[in-house]
Amino acid sequence: LNYRGFPRSVCSSINSEVCHGIPNDIPLQDGDIAKFDVSVYTREGFFGDNCGTVIIGEGDEAAKKLDETTKRSLAEAIRSIG
């Protein structure tokens, strides 16, 4: 992709890293919160970016609450703009 010098089109961010982390070889562990950010840049000059979050394994109650709360917040924000 090399969008503005950024070397990847798929980023992975684990736990407290918010977004746009560079993937590495560190294995994911049960309870980790992983964010995967996929970017697309078309020949026509359009750029799109999307990020999804998953809990690896079961996760603890705090991770589950964070995941549920952020999904509800996103849905409400989208609903508020019509």
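It should be emphasised that the depicted structure is a prediction, and the values quoted were computed from it without experimental measurement. (Residues numbered from 1 in each chain as written. Predicted model: local features only at pLDDT ≥ 70, side-chain atom pairs only at ≥ 80, totals over all residues. Heavy atoms only, no water.)

Re the confidence of the model for the chain
- Counting all residues, the mean pLDDT for the chain is 88, and 91% of those residues have values of 70 or more.
- Between the elements of the chain, mean pLDDT differs from a low of 88, seen in strand β2 (residues 33–41), to a high of 95, seen in helix α1 (residues 61–80). (pLDDT = per-residue confidence, 0-100. Helix = DSSP H or I, 4+ residues; strand = E, 2+ residues; numbered from the N terminus.)

Considering a nonpolar patch on the surface
- A grouping of V10, V38 and V40 is seen on the molecular surface, where their side chains present a nonpolar patch of about 220 Å² in accessible area.
- By secondary structure assignment, the location of V40 is in strand β2.
- Judged by relative accessible area, V40 falls into the partly exposed class, the value being 47%. (Patch = residues over 30% accessible without salt bridge, like charges linked within 9 Å, V, L, I, M, F, W, Y side chains within 5 Å. Areas by Shrake-Rupley, 256 points an atom, 1.4 Å probe, with all protein chains shown as cover. Salt bridge = Lys/Arg side-chain N within 4 Å of Asp/Glu carboxyl O. Buried < 20%, exposed > 50% of the residue type's maximum accessible area, 1.4 Å probe, protein only.)

With respect to the pairing of β2
- Of the strand pairs in this sheet, strand β1 (residues 10–14) and β2 are connected by five bridges, and their pairing is antiparallel. Opposite I14, over in β2, you have A34 as the bridge partner.
- Summarising the sheet, β2 and strand β3 (residues 47–55) pair through nine bridges and their orientation is antiparallel. Pairing of S39 across the sheet is with D49, part of β3. (Pairing = 2+ DSSP bridges.)

Observations concerning the sheet that holds β2
- Taken in spatial order, the three strands make up an open sheet running β1-β2-β3, and their pairing is antiparallel. Looking along the sheet, the strands with just one partner apiece sit at the ends: β1 and β3. Each adjacent strand pair in this sheet contributes to an overall mean axis angle of 15 degrees, direction not counted. (Axes fitted to C-alpha atoms, helices over the stretch in contact; angles between N-to-C directions.)

Describing the pattern of salt bridges
- Applying the stated criterion across every chain, the model contains three salt bridges.
- Here E61 ties to K64 by a salt bridge, and the two come within 3.8 Å at their closest N and O atoms. Within this pair, E61 and its partner K64 are both found in helix α1, separated by three residues, close to a single helical turn.
- When its relative accessible area of 60% is taken as the criterion, E61 is described as exposed.
- Here R79 and E76 are joined by a salt bridge, their closest N and O atoms 3.0 Å apart. On the criterion of helical spacing, the pair formed by R79 and E76 is a turn pair, its members being three residues apart in helix α1.
- Classification of E76 by relative accessible area gives partly exposed; the value is 44%.

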